[in-house]
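Observations on the three-dimensional arrangement
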Amino acid sequence: MFKKESSGEVMSTSTHVARFILFLFMLIVALLTLYPVLYVVFGSFKENGELLIGGINMFPKVWIVDNFIEAWQKADFSVYTINSVIIAVGVMILSLISSGMAGYVLSRRNFKGKKLIYGLLMAFMFINVGSVSLRPLFELAISLHLNTSLFSVIFISAGTAQATYIFLVDSYMKTLPKELDEAATIDGCTFFQVYIHIILPLLRPILATVALLSFRGGWNEYILPLVFTMTDQAKRPLTVGVTMLKNSGDGAAAWNIMFAGATIAIIPILLIYIVASKYFIEGLTGGAVKG
Amino acid sequence: MSETKAKTAVKAPKRGMDANTSAKIATVLMMFPAVLLLCVVSIYPFLWLFRYVFYDYNGMTSYFTGLHNFTRMFGDTAFWASVGHTFEYAILKIIFIIPLALIMAELMSQKIRGSGVFRVIYFMPTIISTAISAMVFGFIFAAYNGVLNAVLRATGIISQNINWLGDSNTAMWAVLIVAVWGGFGNYMIYFMSGLSSIPHDVYESAMIDGAGGLTTFFRITLPMLSPMFKVIMMLAITAAFKDYESIMVLTQGGPDNRTQVMFLYIYQLLFGTSTTKPQIGYACVLSLVAAIIVGIVTGLYMLLARKLDDVM
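This one's a predicted model, so the numbers in the text were calculated from it and none came from an experiment. (Residues numbered from 1 in each chain as written. Chains lettered and ligands numbered in written order. Predicted model: local features only at pLDDT ≥ 70, side-chain atom pairs only at ≥ 80, totals over all residues.)

1. Some points on the overall build of chain B
When you go through chain B residue by residue, the secondary structure sums to twelve helices and two strands. Seen in sequence order, chain B has helices and strands lined up from the N terminus as α-β-β-α-α-α-α-α-α-α-α-α-α-α. Radius of gyration (C-alpha) of chain B: 27 Å, far over the 20 Å computed for a compact globule of 312 residues. Overall, chain B is about 105 × 75 × 45 Å in size when its C-alpha atoms are taken along their principal axes. Classification of the 312 residues of chain B by burial places 39% in the buried group. (Helix = DSSP H or I, 4+ residues; strand = E, 2+ residues; numbered from the N terminus. Rg over C-alpha atoms; globule rule 2.2 N^0.38 Å. Buried ≥ 20, exposed ≤ 12 C-beta atoms within 10 Å, placed from the backbone.)

2. Things to note about the domain arrangement of chain B
In terms of domain boundaries, chain B breaks down into domain 1 (14-51) and domain 2 (68-311). Put simply, the middle of domain 1 of chain B and the middle of domain 2 of chain B, counted by C-alpha atoms, are 36 Å apart. (Domains from an automatic or database assignment.)

3. Section: the nonpolar core
Within the largest apolar cluster, 162 residues are counted, with the highest numbers of intra-cluster contacts made by Ala 262 of chain A together with Met 188 and Ile 266 of chain B. With 15 residues, helix α14 (residues 255-290) of chain A is the largest single contributor of residues to this core. For Ala 262 of chain A, the residues in contact, after removing those within four places along its chain, are Val 40 and Val 242 of chain A together with Ile 132, Met 135 and Val 136 of chain B. (Core = buried A, V, L, I, M, F, W, Y, C linked by C-beta atoms within 7 Å. Contact = placed C-beta atoms within 7 Å.)

4. Things to note about helix α9 (residues 213-242) of chain B
Over its 30 residues, α9 of chain B runs only 36 Å from end to end, short of the ideal 44 Å by more than 12%, given 1.5 Å per residue. Listed as buried for α9 of chain B are Thr 221, Leu 225, Ile 232, Ala 236, Ile 237, Ala 240 and Phe 241 of chain B. (Expected span 1.5 Å × (residues − 1).)

5. Let's talk about the packing of helix α2 (residues 15-43) of chain A against helix α4 (residues 115-123) of chain B
One way to put it is that α2 of chain A packs onto α4 of chain B with a least axis distance of 9 Å and a crossing angle of 35°. The interaxial crossing formed by α2 of chain A with α4 of chain B has left-handed handedness. Between α2 of chain A and α4 of chain B, the contacting residues are Met 26, Ala 30, Thr 33 and Leu 34 of chain A on the first element and Phe 118, Ile 121 and Tyr 122 of chain B on the second. Here the contact of α2 of chain A with α4 of chain B is composed, by residue class, of six nonpolar, one polar and no charged. (Axes fitted to C-alpha atoms, helices over the stretch in contact; angles between N-to-C directions. Left-handed = near helix turned anticlockwise from the far one by under 90°. Nonpolar A, V, L, I, M, F, W, Y, C, P; charged D, E, K, R; others polar.)

6. Quick notes on the interface of chain B and chain A
Accessible area lost upon the coming together of the parts serves often as the stated size of an interface. Contacts between the two partners involve 80 residues from chain B, matched on the other side by 76 residues from chain A. Here the side of chain B that touches chain A takes 21 residues from helix α1 (residues 2-51) of chain B, the largest share from any one element. In terms of residue class, the side of chain B that touches chain A is made up of 60 nonpolar, 17 polar and three charged.

7. Let's talk about the confidence of the model for chain A
In the predicted model, chain A carries a mean pLDDT of 86, and the fraction of residues at 70 or more is 91%. Confidence over residues 287-291 of chain A falls short of pLDDT 50; this stretch has 15 contacts with residues more than four positions distant or in other chains. (pLDDT = per-residue confidence, 0-100.)

So this is what it looks like as structure tokens:
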């Protein structure tokens, strides 16, 4: 790539050629990036025999949809899919509630312990004890009899990610003039009413980002539901269900089911991304670097 | 008439006080969900860690074992090997992912046709579940019917299948390929936002001075990017040390512990494997040590970044 740039530097007339070479380079990287996804999506329409033989063909010799039917009916993927949706939507709702209100309060009010909360939120973005936190939470869930409910998974997933979302909302709040609140207060709105009637509608763009990011977070959660559904197959989301198949003895040969399962896990979030890629990308830079 | 007026006059300050207290109550109530999540999900597990540090605990019963967990750690070659692998993995990941992300971000800023579509494509892997994409790569890397071997054989690069995930010479590279694939789009977006904050007239004056593409990149872009670059590196370092989800799916730390990283090792101690029971007290000690190691690395990096500032 450096070579290409320097050739553009020598002859300005060859700028077009240089730009075309750069374009080719970007295209190759794009194809390499896309390849695994295309491979699994097209592969899920192949017969298991074709998958087990392998080969370099991306498209199936014979197109079939049986893999999806089998995965959906026999391999419990309908249950996994419903669980994934419950987790993702649950995480999204809880994240919107907690980060919207916390972001508003933290940016608009001074109260005792505010700095402490900021500090702790920030610290736990960096302090990482890895999987260890799952153990006490697992035991806590057992003692509260919540270990077989997806609620604990939703709660923990939302809690682990909330700092980012709170900081996203907090930094977005700074762009909303305080005069708005003051005017509403003079008109008789309470602090909470200002939030509901004035602020919430204005927060819509950033809350859309929070909604998408947290939905993705819940949908893609893996180790957390793996731990919580170790003994309860009926509560597994797609990520756990599909990968479990890979590790189980008789599933190792069922490539077609795993391909179909992986495709079912990928496609919904991919469609959402294609429609709303702007929000995903802006959410990243708005939260992590600026916030 | 005058009576009601007097009443409201008396009431007014009282209502003001009420509004104040009600705002206070609202503050507490509105912070409640976030604070509850913070306490339960972040603070409680962290404090819990210290409870079992001196115990042998298998999930059912616990025995006080004093400093045994600590002495065991110093002699645990498997753990220290996993620490070594974590460093190897993190350093290699950063060596590949940061330059790639920076190059792609720089190319993006050249406003080449199709940039918008490319940006969406490069960022796409970060949207997909790490576990699922690791599994898909598991298919691609498969020794007998994997597509990677098929392609390499068809092009004559190899004559015999390579067991990418099962061979200790290649497993780490396979894991790294998945990590770079899954993460470069993330850092590219960070760099793009850094690049867009560099004022345009700086580039214009460089062009007038006759600086070429490469000169501009190294003399202007990189130095101007430097504050942002440090933040991005910091994020990349902490993220690279944390990764274990995809390794768990791809190799489960194998072959022969070749891709065993410390957080995966700890996970296996915490919840046990098919052949071993949980050893929670010991896992608590190791995760504290792991957190300290990451802390030291981050601290050293920040120190180094500051030193570089003084030099440059």
